[in-house]
Amino acid sequence: MFVGLPVLYVIVRNIGYFNRIATNLNGIVLGNLEPDLPVQGKSTLAALARNVNILKHGVKVSRQEQAKSERLKTELITNVSHDLRTPLTSIITYVGLLNNPELTEDEQKSYIEIIDRKSKRLKVLIDDLFEASKMASGNVELCKEKVDVVQLLDQALAEHEEAISSSPFEFRISKPQIPLYIMADGQKLWRVFDNLISNILKYTLAYTRVYISLEEVHQKVVISFKNIAKYELGQN
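Calculation criteria
- Residues numbered from 1 in each chain as written.
- Predicted model: local features only at pLDDT ≥ 70, side-chain atom pairs only at ≥ 80, totals over all residues.
- Heavy atoms only, no water.
- Helix = DSSP H or I, 4+ residues; strand = E, 2+ residues; numbered from the N terminus.
- Expected span 1.5 Å × (residues − 1).
- Buried < 20%, exposed > 50% of the residue type's maximum accessible area, 1.4 Å probe, protein only.
- Salt bridge = Lys/Arg side-chain N within 4 Å of Asp/Glu carboxyl O.
- pLDDT = per-residue confidence, 0-100.
- Contact = heavy atoms within 4.5 Å.
- Phe/Tyr/Trp six-rings, centres within 6.5 Å; stacked < 30°, edge-to-face > 60°.
- Lys NZ or Arg CZ within 6 Å of the ring centre and 35° of its normal.
- 1 Å grid on protein atoms, 1.4 Å probe; cavity = no way out; pocket = protein on both sides within 12 Å on 5 of 7 lines; lining within 4 Å.
- Points joined across faces, edges and corners; volume = space filled by probe spheres on them.
- Nonpolar A, V, L, I, M, F, W, Y, C, P; charged D, E, K, R; others polar.

The terminal C-alpha atoms of helix α2 (residues 44-98) lie 80 Å apart, and with 55 residues this matches the ideal 81 Å at 1.5 Å per residue to within 8%. Taken as a whole, α2 has its buried residues at L45, A46, A49, V52, N53, K56, V80, D83, P87, S90 and I91.

Inspection of every chain in the model, using the stated rule, returns eight salt bridges. The shortest N-O distance in the salt bridge between R191 and D127 comes to 3.5 Å. Here R191 is found in helix α6 (residues 186-203), whereas its partner D127 is found in helix α3 (residues 105-137), with 64 residues between them in sequence. Judged by its relative accessible area of 8%, R191 falls in the buried class. With its nearest N and O atoms 2.9 Å apart, the salt bridge here joins E170 to R172. Its relative accessible area of 33% is what places E170 among the partly exposed residues.

A few words on the confidence of the model for the protein chain. Interpreting fine coordinate detail is not advised for predicted regions of low pLDDT. Averaged over all residues, the pLDDT of the protein chain is 81; the fraction at 70 or higher stands at 86%. Looking across the protein chain, the model is least confident in helix α1 (residues 4-29), with a mean pLDDT of 65, and most confident in strand β1 (residues 145-148), with 94.

This next bit is on the environment of D36. Note that D36 resides in the loop between α1 and α2. Judged by its relative accessible area of 39%, D36 falls in the partly exposed class. C-alpha of D36 to C-alpha of N24: the two residues are twelve residues apart in sequence and 8.5 Å apart in space. If we ignore the near neighbours within four places in the chain, the residues touching D36 are N53, K56 and H57.

A separate point is the packing of aromatic side chains. One pass over the structure, following the stated rule, counts two aromatic pairs. The interplanar angle of 40 degrees and the centroid separation of 6.1 Å between the aromatic rings of F193 and F225 together place this pair among those described as tilted. Of the two residues, F193 sits in helix α6 while F225 sits in strand β5 (residues 220-228), which places them 32 residues apart along the sequence. In this structure F193 comes out as buried when scored by relative accessible area, which is 2%. K146 extends its terminal NZ or CZ atom over the ring of Y181, reaching a point 4.7 Å from the ring centre.

A separate point is unusual backbone geometry. For H218, which is not glycine, the phi torsion reads 55 degrees and is therefore positive. Inspection of the secondary structure puts H218 in the loop between β4 (209-217) and β5. H218 sits in the exposed class, given a relative accessible area of 75%.

To continue, consider the layout of surface pockets. The space that makes up the second largest pocket amounts to roughly 520 Å³. Around the second largest pocket, the lining comprises 17 residues; the ones closest to its centre are T86, K118, R121, H160 and A163. Elements that contribute at least two residues to the lining of the second largest pocket include exactly α2, α3, α4 (149-159), α5 (161-166) and α6. For the lining of the second largest pocket, the per-class residue count stands at five nonpolar, four polar and eight charged.

Right, dumping it as structure tokens:
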């Protein structure tokens, strides 16, 4: 009895511990993430309980990442829908204006140029949508070549020249007057510049300063986009 009772107690306690672990695992399978199991001692059951806790935390992280991914997809669809609608609406509007028989030749030429520019913008947005789909599936391919980043930045700024000039922001552009060459995928890098400028125009607080800087530092090209207060900060 003196030997059997302690052994029986240990067996009963271990059975209870095992049942608790089993119940916890069953909850994970059903999608109910139970509270962490207590890790008691260094026994095999304790190691099992520890691994169940690790598994549970992994499931939680996976769920959070999945929820984040779904939220980003929803935001992407919303933003892309809005971005596609803007140039498409302009194209439809100016096509309608071209049907006016009383338009002058200069007006027709101006409208056609606007339609051409908006059509190219629409193509870029559609291409961006395909690229985003490729990134989500991990099938992005980079075509690296020697490109002039100064020229790419100039092209991106020119694309938004009208919006920049009419915006309530003060743009300060700092870039060299000579080409700066790097090995990169020029098309995708241009899209990075284009998206950054688009986001600045959409989300920047009105009447603030926007700094876009491009320079060579220690044989490396450094590019920065910054947004700070409208007024110069005093120095002590």
